[in-house]
Amino acid sequence: MSETGFKKVNVNLPGSGSPNISYDIHIGAGLLRSCAPFLSPLLKRPFVAIVTDENVAQAHLESLTQTLDSAGISHVTKIMPSGEASKSFTGLETLVDWLLDNKVERQDMVIALGGGVIGDLTGFAASTLRRGVRFTQIPTTLLAQVDSSVGGKTGINVPQGKNLVGAFHQPSLVLADLDVLQTLPDREFRAGYAEIVKYAAICDRPFFYWLESNLDALKSRDSQALSYAIAKSCQTKADIVTQDEKEYGARALLNLGHTFAHAYENLTDYSDNLLHGEAVGLGMAQAARLSVDLGLCPETDAQALVNHLASAGLPISQTDVKGGPFEATNLVNAMAQDKKVSQGVMTFILMKAIGKAFITNDVSAKQITTFLQNQG
Ligand code: NAD
Ligand code: GLY
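Predicted, not measured: the structure shown is a model, and the values here were computed from it.

Conventions we followed
- Residues numbered from 1 in each chain as written.
- Chains lettered and ligands numbered in written order.
- Predicted model: local features only at pLDDT ≥ 70, side-chain atom pairs only at ≥ 80, totals over all residues.
- Heavy atoms only, no water.
- Near = heavy atom within 4 Å.
- Polar contact = N/O pair within 3.5 Å; in protein donor to acceptor, adjacent residues only side chain to side chain.
- Nonpolar A, V, L, I, M, F, W, Y, C, P; charged D, E, K, R; others polar.
- Helix = DSSP H or I, 4+ residues; strand = E, 2+ residues; numbered from the N terminus.
- Contact = heavy atoms within 4.5 Å.
- Core = buried A, V, L, I, M, F, W, Y, C linked by side-chain atoms within 4.5 Å.
- Buried < 20%, exposed > 50% of the residue type's maximum accessible area, 1.4 Å probe, protein only.
- Areas by Shrake-Rupley, 256 points an atom, 1.4 Å probe, with all protein chains shown as cover.
- Phe/Tyr/Trp six-rings, centres within 6.5 Å; stacked < 30°, edge-to-face > 60°.
- Lys NZ or Arg CZ within 6 Å of the ring centre and 35° of its normal.
- Pairing = 2+ DSSP bridges.
- Axes fitted to C-alpha atoms, helices over the stretch in contact; angles between N-to-C directions.
- Expected span 1.5 Å × (residues − 1).
- Salt bridge = Lys/Arg side-chain N within 4 Å of Asp/Glu carboxyl O.

What follows covers the site of ligand 1. Near ligand 1, the surroundings consist of 26 residues, among which Asp53, Glu84, Gly116, Thr141 and Thr183 are the closest. At a separation of 3.4 Å, an oxygen atom of ligand 1 approaches a polar side-chain atom of Ser82. Contacts to ligand 1 include Lys153, whose backbone N or O atom sits 2.9 Å from a nitrogen atom. Split by residue class, the shell around ligand 1 holds 6 nonpolar, 11 polar and 9 charged.

Encoded structure:
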């Protein structure tokens, strides 16, 4: 895609007593090699601290550092181990030590070059360093381009559960380069696709039809199809986050499938047995089936969603997961650690139809246990 093919989505958050927070998400091919004009105006001095992981460093770090060198921007780089384990107190300590040792100043810019793990960890480190430094997201997985790099949720995992320690800290810029997706393993690509389907299922039925028609193009990583799907996803997320940055209401919709997903991730020890996006795919399939069981959603809609997830190669039942099926009571116990639990009551995002998701506290632990016992 040429430069003229770039798409831009703006996120503009009303400041409470302070100026609005506004940043752009740029989407297009070749952005890593042409990042300087986007980055330079945001720098107080020609210096950035880059955080990435081993896999991304091997595939894409040189493109970034060469571009920065050409633009006269000096840089230091921290390469974290790839994988969820870096999103931990140990990983955070390592990273913050390194940022301080490298004298990263309050006005400096930190760059997260990687997937959701690097984005979440770097964003959290940036939020705490000197009480908050700015950071740029350069997401390199499909999941990070459509979800984790946007909206300012940052954090780490702890033994009690996923993302239980963190902060809201918005990036100053997001650069989603379509070219970097070409090196992404198929399984990671499919996992990221689940988050795209999520936006359609939440609030955009025409987008769901578009996804059905364009699944083959998306699977073959066609730039035009990807650019449309990524921009549409980012716009939907931006709209929801603008309404409710800190998740007191509507933002919880973005957790469609996640109450289930976080429980499966917990029971598979956040391991390669189940990637986050895969867990979201399975979680959405179950949220749709639960919605039908409760008489809230037409069977045809749930079936269309489940069929689409299956066509995309995502797990749609517990037996698709290594180590599954799981004890219903263990799943429900894991759900009790969900961040959306309030006064001991679980929150679920369910569907009235594809494109009409809603938030409810009306599902009891008994109902969910029975539902899970009847699921494969
Ligand atoms: P990830 O960051 O672990 O990346 C997946 C794998 O792909 C890693 O091995 C990574 O090294 C590799 N990789 C990344 N980009 C690559 C590329 N271009 N080419 C080759 N390999 C590449 O995982 P993820 O799926 O991107 O993110 C998952 C994390 O995101 C979870 O921790 C989840 O909790 C978090 N998340 C956060 C939010 C949020 O709003 N902050 C939203 C969704 C998910
Ligand atoms: N991924 C859910 C959110 O950002 O709110």
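Next up on the list: the environment of Gly283. Examined against the element boundaries, Gly283 turns out to sit in helix α10 (residues 276-293). C-alpha separation for the pair Gly283 and Leu350, spaced 67 residues apart in sequence, amounts to 11 Å. The contacts of Gly283, once residues within four sequence positions are left out, are Gly257, Phe260 and Ala261.

The next point concerns the nonpolar core. The biggest cluster of nonpolar side chains holds 83 residues, and the ones touching the most others in it are Leu142, Phe260, Ile368 and Leu372. When residues no more than four places from it in sequence are discounted, the contact partners of Leu142 are Leu181, Leu184, Phe189, Gly192, Tyr193, Ile196, Leu226 and Ile230.

The next thing to look at is the side chain of Thr360. Within the secondary structure layout, Thr360 lies in strand β11 (residues 356-360). Look at Thr360 and you get buried, because its relative accessible area is 10%. Separated by 2.9 Å, the side chain of Thr360 and the backbone nitrogen of Asp362 make a polar contact.

What follows covers the site of ligand 2. Residues in close proximity to ligand 2 include Asp147, Lys153, Lys237, Glu247, Arg251 and Leu254, which together make up its full environment. Burial of ligand 2 by the protein chains amounts to 90% of its free accessible area of 200 Å². Its residues assigned to classes, the shell around ligand 2 shows 1 nonpolar, no polar and 5 charged.

Once that is clear, we can look at the packing of aromatic side chains. Under the defined criterion, the tally for this structure stands at 7 aromatic pairs. A centroid spacing of 6.0 Å and a plane angle of 25° characterise the contact between Phe207 and Trp210, whose relative ring orientation is stacked. Of this pair, Phe207 and Trp210 both sit in helix α7 (residues 205-219), 3 residues apart, which is roughly one turn of that helix. Between Phe260 and Phe348 the ring centres are 5.6 Å apart and the planes differ by 55°, which places this aromatic pair in the tilted class. With Phe260 in helix α9 (residues 258-267) and Phe348 in strand β10 (residues 348-353), the pair connects residues that are 88 residues apart, well separated along the chain. You can call Phe348 buried: its relative accessible area is 1%. Taken together, the ring pairs in this structure connect Phe207, Trp210 and Tyr228 into an aromatic cluster. Over the aromatic face of Tyr199 sits the side chain of Lys198, whose NZ or CZ is 5.2 Å from the ring centroid. Between Lys232 and the ring centre of Phe207, over which it is positioned, the NZ or CZ distance is 5.9 Å.

Looking now at the sheet that holds strand β4 (residues 74-80). Taking strand neighbours across the sheet as the criterion, the 7 strands line up as β1-β2-β9-β6-β5-β3-β4 in an open arrangement whose pairing is mixed. A strand with exactly one partner marks an edge of an open sheet, and here the two such strands are β1 (7-13) and β4. Neighbouring strand axes in the sheet, compared pairwise and without regard to direction, differ in orientation by 15° on average. Of the strand pairs in this sheet, strand β3 (residues 47-53) and strand β5 (residues 109-114) are connected by 5 bridges, and their pairing is parallel. Counted as the bridge partner of Thr52 is Leu113 from β5. With respect to the sheet, helix α2 (residues 54-70) is in contact with β3, β4, β5 and β6 (134-139), its orientation differing from that of β3 by roughly 165°.

Structurally, the position occupied by Glu195 is in helix α6 (residues 186-203). What makes Glu195 buried here is its relative accessible area of 0%. Sequence separation of Glu195 and Gly28 is 167 residues, and the distance between their C-alpha atoms is 19 Å. Here Glu195 is in contact with Leu143, Val146, Asp147, His258, His276 and Val280, once residues within four sequence places are set aside.

Given 3.6 residues per turn, any residue in an α-helix points the same way as the ones three and four places further on. Between its terminal C-alpha atoms α6 stretches 27 Å, which fits the 26 Å expected from 18 residues at 1.5 Å a residue. In terms of burial, α6 is largely enclosed, as 13 of its 18 residues are buried.

As enumerated under the stated definition, the model contains 15 salt bridges in all. Between Lys8 and Asp24 there is a salt bridge; the shortest N-O distance is 3.9 Å. A residue pair is termed long-range when its members are at least 10 positions apart, and Lys8 in strand β1 and Asp24 in strand β2 (residues 21-28) qualify at 16 residues. Residue classification places Lys8 among the exposed positions, given a relative accessible area of 54%. In this structure, Asp204 and Lys232 form a salt bridge, with 3.2 Å as the shortest nitrogen-oxygen distance. Here Asp204, found in the loop between α6 and α7, pairs with Lys232, found in helix α8 (residues 223-243); they are 28 residues apart in sequence, far enough to count as distant. A cluster of three or more residues bridged by salt bridges with shared partners is formed by Glu84, Lys87, Asp120, Lys162 and Glu265.

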